[in-house]
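Next come the chains, spelled out residue by residue.
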Amino acid sequence: MSARRDFDVLIVGGGLVGAACAALLNQSRATSGLTVALLEPAPALVPRAGEPLDLRVVALSHAASALVREVGAWPALAERQPCAYERMIVWDSSSPAEGPDTLIFDAAEAGEPDLGHIAENRAVAAALLERALAGGALLLRTPVSGIELGADLARVATGERRLGAALVIAADGADSPARGYAGLGVEAYPYPQEALVAHLSPARPHAHAARQRFLPGGPLALLPLADGRVSIVWSTSPAHAAELALLDDAAFGAAVTEASDGVLGALVAAGPRARVPLRRQHAPRYVAERFALVGDAAHTVHPLAGQGVNQGFLDVACLVAEIGAALERGEDPGDPRALRRYARARRAGNVLVGGMLDGLWHLFADERGVVKRARRTGLGVVNRAAPLKRFFIDRALGG
Ligand SMILES: Cc1cc2nc3c(=O)[nH]c(=O)nc-3n(C[C@H](O)[C@H](O)[C@H](O)COP(=O)(O)OP(=O)(O)OC[C@H]3O[C@@H](n4cnc5c(N)ncnc54)[C@H](O)[C@@H]3O)c2cc1C
């Protein structure tokens with residue numbers, strides 16, 4: 001393999017998190033002098049003007065949106081009309097949406113204009129990638145096929161080529177081939193659920209609210225889209241998800257209307273649906289010699305609170321800050337102390353969020369009467385206790 005440094009930083013994977021990492025490295029003062037390459041084999045999915053919204057959308061928290069703005073990617077993303085959500089409404093299926101036990105987070109209570117934005121995955125990734133390339137990053141449309149880590153250099157194989165870098169950042173998703181090549185493991189816990197995703201048109205306006213109803217089989221989220229539709233993420237058993245996927249549009253619309261307790265009136269389905277298996281995953285170690293994991297390559301969580309990308313963006317902000325601090329101390333970008341500091345800070349944060357979401361999932365999956373009553377009143381208690389509510393609003397904003 002190559003014995004020379006071809007790039008300072010080589011990022012494997014140009015999804016949302018890898019593209020954010022390349023853009024932030026190029027746009028941050030302390031790291032903007034670094035040479036950065038991005039390895040991404042999948043073709044670019046740049047949405048064309050007027051094209052319908054893609055099925056995969058994410059809820060970007062305030063903190064995640066701030067990163068998109070900081071690197072100058074917001075104007076390009078704005079062309080695809082990310083939809084601001086001003087309210088989050090969470091309730092259990094054993095009580096009505098308008099009842100006293102419904103938890104409502106309002107942006108106005110936090111003194112903010114909104115709580116975040118719902119945006120297409122491909123539009124966020126394309127806008128970030130554009131900024132990374134404008135800042136001088138090089139995009140190589142090829143997969144990683146091997147990694148060798150050494151004290152002086154990390155070497156990355158891609159087909160016939162061998163590339164040397166001071167630091168390799170793996171952002172190649174939950175199945176991360178780079179993680180395996182670097183000899184890092186992952187602990188995985190599959191949920192007995194799949195997420196069924198689709199966009200539907202509601203009879204009543206969504207009023208810029210993100211809604212979630214906890215059903216006995218799993219949570220149903222209804223996220224507002226700029227075109228007036230809602231994007232649903234229905235977590236349910238694989239057998240039920242398979243059934244729902246096969247229904248005709250009329251029957252599917254009726255099933256989602258019933259599952260959402262008619263909160264938006266009748267929902268009309270048209271267009272594609274997709275099923276995604278769900279698992280919780282966490283890498284015991286985030287870093288190795290001249291190597292770091294970010295985003296889903298390091299951790300995946302249940303989508304019930306829409307936190308996956310948000311955690312990934314926090315990884316990126318922390319890692320780029322540590323690299324910048326190392327450069328200011330005269331160290332190189334793969335400085336082991338900087339990598340250790342990154343791993344300590346982000347692993348602790350991600351363990352906390354992953355644990356909280358897993359706890360929430362178990363709490364709502366438990367159908368014993370006493371647990372049902374406790375969680376229903378628990379939502380109402382949080383709604384009425386100002387400090388507790390503030391704590392959850394801060395998490396929703398991405399703090
Ligand atoms: C149903 C559902 C709903 C969700 N909703 C939300 C939400 O509302 N908010 C939120 O924050 N998160 C949400 N998430 C989570 C979010 O989608 C993920 O956390 C996020 O996509 C991870 O981004 P990533 O860049 O780390 O990985 P990915 O998006 O998986 O990107 C990995 C990239 O690596 C590339 N790659 C793979 N193999 C190689 C290789 N050998 N060499 C080079 N490149 C390679 C791939 O082509 C891909 O582009 C949701 C997840 C699901 C399943």
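Nothing here was measured: the structure is a model prediction, and the numbers come from that model.

**Overview of the site of the ligand**
- Lining the immediate environment of the ligand, one finds 32 residues, of which G15, G173, G295, G306 and G308 sit closest.
- Of all elements in the fold, only helix 1 (16–27), strand 3 (57–61), strand 12 (187–202) and helix 8 (308–328) reach the threshold of two or more residues within the shell around the ligand.
- Ranked by the residues each element gives to the shell around the ligand, the list is headed by helix 8, at four residues.
- A per-class count over the shell around the ligand returns 18 nonpolar, eleven polar and three charged.

**Comments concerning unusual backbone geometry**
- The phi dihedral of Q81 falls on the positive side, at around 50 degrees, and the residue is not glycine.
- Note on placement: Q81 falls in the loop between helix 3 (74–78) and strand 4 (83–85).
- By the C-beta count within 10 Å, which is 15 here, Q81 ends up partly exposed.
- Although it is not a glycine, R290 adopts a positive phi angle of roughly 55 degrees.
- By secondary structure assignment, the location of R290 is in the loop between strand 17 (287–288) and strand 18 (291–293).
- The exposure class assigned to R290 is buried, which follows from the 25 C-beta atoms found within 10 Å.

**A short note on helix 2 (residues 62–70)**
- Residues of helix 2 that are buried: H62, A64, S65, L67 and V68.
- Of the residues flanking the end of helix 2, it is G72, one or two places downstream, whose phi is positive at about 80 degrees.

**Here's the deal with the environment of A283**
- Within the secondary structure, A283 is located in the loop between strand 16 (267–282) and strand 17.
- The class of A283 is buried, set by 21 C-beta atoms lying within 10 Å.
- Linking A283 and R347, residues 64 residues apart in sequence, is a C-alpha distance of 8.8 Å.

**Considering the packing of helix 1 against helix 8**
- With their axes 9 Å apart at the nearest point, helix 1 and helix 8 run at an angle of 30 degrees to one another. Classified by the angle their axes make, helix 1 and helix 8 are roughly parallel. Of the two possible hands of crossing, helix 1 and helix 8 adopt the one that is right-handed. Between helix 1, through L16, V17, A20, C21, L24 and L25, and helix 8, the contact on the second element is made entirely by V309, G312, F313, V316, A317 and V320.
- Among the residues making up the contact of helix 1 with helix 8, the classes are represented as eleven nonpolar, one polar and no charged.

Conventions used here
- Residues numbered from 1 in each chain as written.
- Predicted model: local features only at pLDDT ≥ 70, side-chain atom pairs only at ≥ 80, totals over all residues.
- Near = placed C-beta within 6 Å.
- Helix = DSSP H or I, 4+ residues; strand = E, 2+ residues; numbered from the N terminus.
- Nonpolar A, V, L, I, M, F, W, Y, C, P; charged D, E, K, R; others polar.
- Buried ≥ 20, exposed ≤ 12 C-beta atoms within 10 Å, placed from the backbone.
- Axes fitted to C-alpha atoms, helices over the stretch in contact; angles between N-to-C directions.
- Parallel < 35°, antiparallel > 145°, perpendicular 65-115°, else oblique.
- Left-handed = near helix turned anticlockwise from the far one by under 90°.
- Contact = placed C-beta atoms within 7 Å.

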